[in-house]
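For reference, the chains in residue letters:
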Amino acid sequence: MTNIIDYIKWRGDLSFDQSELNKLDCLLFSQIIMHEFKEIVPSIEDKKRIKIIDAINQYEKTVGKDYRLGLLIPKAITKAFYLMGEANRYKDLEISDYINDVNEETQCQFCALTIHISNNLMIISLSATDDTLTGWIENISMLYKEELSAQQKAVKYVEEIIKKYQKDIIICGHSKGGHLSIYTTLMISDQAYDKVKAAYSFDGQGIINLEDRYDKKRIKKITTYLPQGSVVGRLFCHPEKQLIVHSNVNSLFQHDIFSWEIIGNDFVYEKKFDKDSEEIDDIVKQTITEMDYEHRLKFVQVLDEISKKIGAKTLTDLSSNKKSAISSYFQIDKKERKYLSEPIKKIIRNKGMKNCIIKTIKDIKKYNI
């Protein structure tokens, strides 16, 4: 199977003048943001930029190629990043305006950077959820909050970048970053929106709690790409165009973009989602609809309370404290626990979800994850 790594090797010798920017380039840019670039890529307050090859050299010195980005973050992201540093297509591109804001008190995890493609075009890459529990709790808070801190910061970031450089932009992101790409395109000012050429979401969650707060005409600039067995990316409402990409795995690991099949400079597409994905999407939407505001609020609060009792800061910490997580769960009042357990039980008892969990366990063993 050919994936995005093969694309770098195949297309990497051609400049953007020789082969114009496409969605696969944006897919790569949506991944490099997952690296820690503090004191490597100039911040949003700075006027400087750094070439990708120079950023890689500094990353190698200060962080290292073998650094694990997080429990659920593929190692292939770093492999792709280093290959981009060897490719004529990417190595001399300048990146700038890095921001990585993680705040436990405000339950915010927001990270972004800007890639300068030409004198007239920039890519804004919005990060997926990192390894922090703060980021995961913020995501789930979408169930009841009208607007997340990360959503506010994404809108502000895009508007500031457009004002700073006065160029056209493409917004892209994977997972949470994809969701923020959709949200930002719908919610930025009219003046900023006019500079948006396109927005790409790669298996990113849809929108919720927006109702009639956005101009429906803006949807035409947004495209979401989802694997045939998507679970994460099908959450919430997707009014924009959706295309289904073939993944070479059949489990929750379809969320990993390195499992997506590519031919030339495009994806290999499927005509429809698989049966398990459809069943999971139905049960999740039904479960959320049946939860009133108080239930949604309590659901998030119980999760947050468990994480605080454990004392874990990241998913990696949590994975090494499984017994503590179970113990913390049973320390919570039985009535409160039901706000969390009842909807989860309903979802995991679904036939499609059961099949997906079994496939995921098999993939964990097969790929030694």
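What you see is a predicted model; the values in this text were computed from it and never measured.

**Points about the environment of Cys 108**
By the secondary structure assignment, Cys 108 is in strand β3 (residues 108-116). Excluding anything up to four places from it in sequence, Cys 108 contacts Asp 101, Val 102, Asn 103, Thr 134, Glu 138, Ser 149, Ala 150 and Lys 153.

**Let's talk about the sheet that holds strand β4 (residues 121-126)**
Across the sheet, which stays open at both edges, the nine strands sit in the order β1-β2-β3-β4-β5-β6-β7-β8-β11 with mixed pairing between neighbours. For this open sheet the edge positions go to β1 (50-51) and β11 (269-270), each flanked by a neighbour on one side alone. Sheet analysis places strand β8 (residues 241-245) next to β11, joined by two bridges and oriented antiparallel. Residue pairing for β11: Val 245 is matched across the bridge by Tyr 269.

**A word on helix α6 (residues 149-165)**
A rise of 1.5 Å per residue sets the reference length of α6, with its 17 residues, at 24 Å; its end C-alpha atoms lie 24 Å apart and thus fit the reference within 8%. If you check which residues of α6 are buried, you get Ala 150, Gln 151, Ala 154, Val 155, Tyr 157, Val 158, Ile 161, Ile 162 and Tyr 165. When α6 is viewed along its axis, its buried side chains cluster within an angular range of 160° and face the same direction. Seen from the open side of α6, the exposed residues pointing more than 90 degrees away from its buried face are Lys 156 and Lys 163. Within two residues after α6, Gln 166 carries a phi angle of roughly 55°, on the positive side.

**A closer look at helix α10 (residues 293-310)**
Between its first and last C-alpha, α10 extends 26 Å over 18 residues, near the 26 Å set by a 1.5 Å rise per residue. Among all positions in α10, only His 295, Arg 296, Phe 299, Val 300, Val 302, Asp 304, Ile 306, Ser 307 and Ile 310 are buried. Those residues of α10 that are buried are in contact with α5 (133-140), α9 (275-290), α11 (315-319), α12 (322-331) and α13 (334-348). Positive backbone phi, at 85°, marks Gly 311, one or two positions downstream of α10.

**What to know about the packing of α9 against α13**
Where α9 meets α13, the axes come as close as 9 Å, and the angle between the chain directions of the two elements is 160°. Relative to α13, the element α9 lies roughly antiparallel. In the packing of α9 onto α13, the handedness of the crossing is right-handed. In contact with Ile 283, Val 284, Gln 286, Thr 287 and Glu 290 of α9, α13 contributes Pro 343, Lys 346 and Ile 347. Residue composition of the contact of α9 with α13, by class: four nonpolar, two polar and two charged.

**Topic: the packing of aromatic side chains**
Taken as a whole and assessed by the stated rule, the structure comprises 17 aromatic pairs. Considering the side-chain rings of Phe 29 and Tyr 90, the 6.0 Å spacing of their centres and the 85° angle between planes classify their relative orientation as edge-to-face. Within this pair, whereas Phe 29 is found in helix α2 (residues 23-32), its partner Tyr 90 is found in the loop between α4 (76-84) and β2 (94-103), the two being separated by 61 residues in sequence. Measuring from centroid to centroid gives 5.8 Å for Phe 37 and Tyr 98, while their planes differ by 85°, and the two rings are edge-to-face. A residue pair is termed long-range when its members are at least 10 positions apart, and Phe 37 in the loop between α2 and β1 and Tyr 98 in strand β2 qualify at 61 residues. Here Phe 37 matches Tyr 98 in class, with each residue buried. Grouped by ring-pair contacts, the aromatic residues Tyr 200, Phe 202, Tyr 225, Trp 260, Phe 267 and Tyr 269 constitute a single cluster.

**Focus on the nonpolar core**
Phe 29 and Tyr 90 are the most contacted members of the largest nonpolar core, which totals 54 residues. With near-sequence residues (within four places) excluded, Tyr 90 lies in contact with Tyr 7, Ile 8, Phe 16, Asp 25, Leu 28, Phe 29, Ile 52 and Met 84. Core analysis: the second largest hydrophobic core is formed by 31 residues, Cys 108, Ile 171, Ile 182 and Ile 207 among them.

Parameters and conventions
- Residues numbered from 1 in each chain as written.
- Predicted model: local features only at pLDDT ≥ 70, side-chain atom pairs only at ≥ 80, totals over all residues.
- Heavy atoms only, no water.
- Helix = DSSP H or I, 4+ residues; strand = E, 2+ residues; numbered from the N terminus.
- Contact = heavy atoms within 4.5 Å.
- Pairing = 2+ DSSP bridges.
- Expected span 1.5 Å × (residues − 1).
- Buried < 20%, exposed > 50% of the residue type's maximum accessible area, 1.4 Å probe, protein only.
- Arc of directions from axis to C-beta.
- Axes fitted to C-alpha atoms, helices over the stretch in contact; angles between N-to-C directions.
- Parallel < 35°, antiparallel > 145°, perpendicular 65-115°, else oblique.
- Left-handed = near helix turned anticlockwise from the far one by under 90°.
- Nonpolar A, V, L, I, M, F, W, Y, C, P; charged D, E, K, R; others polar.
- Phe/Tyr/Trp six-rings, centres within 6.5 Å; stacked < 30°, edge-to-face > 60°.
- Core = buried A, V, L, I, M, F, W, Y, C linked by side-chain atoms within 4.5 Å.

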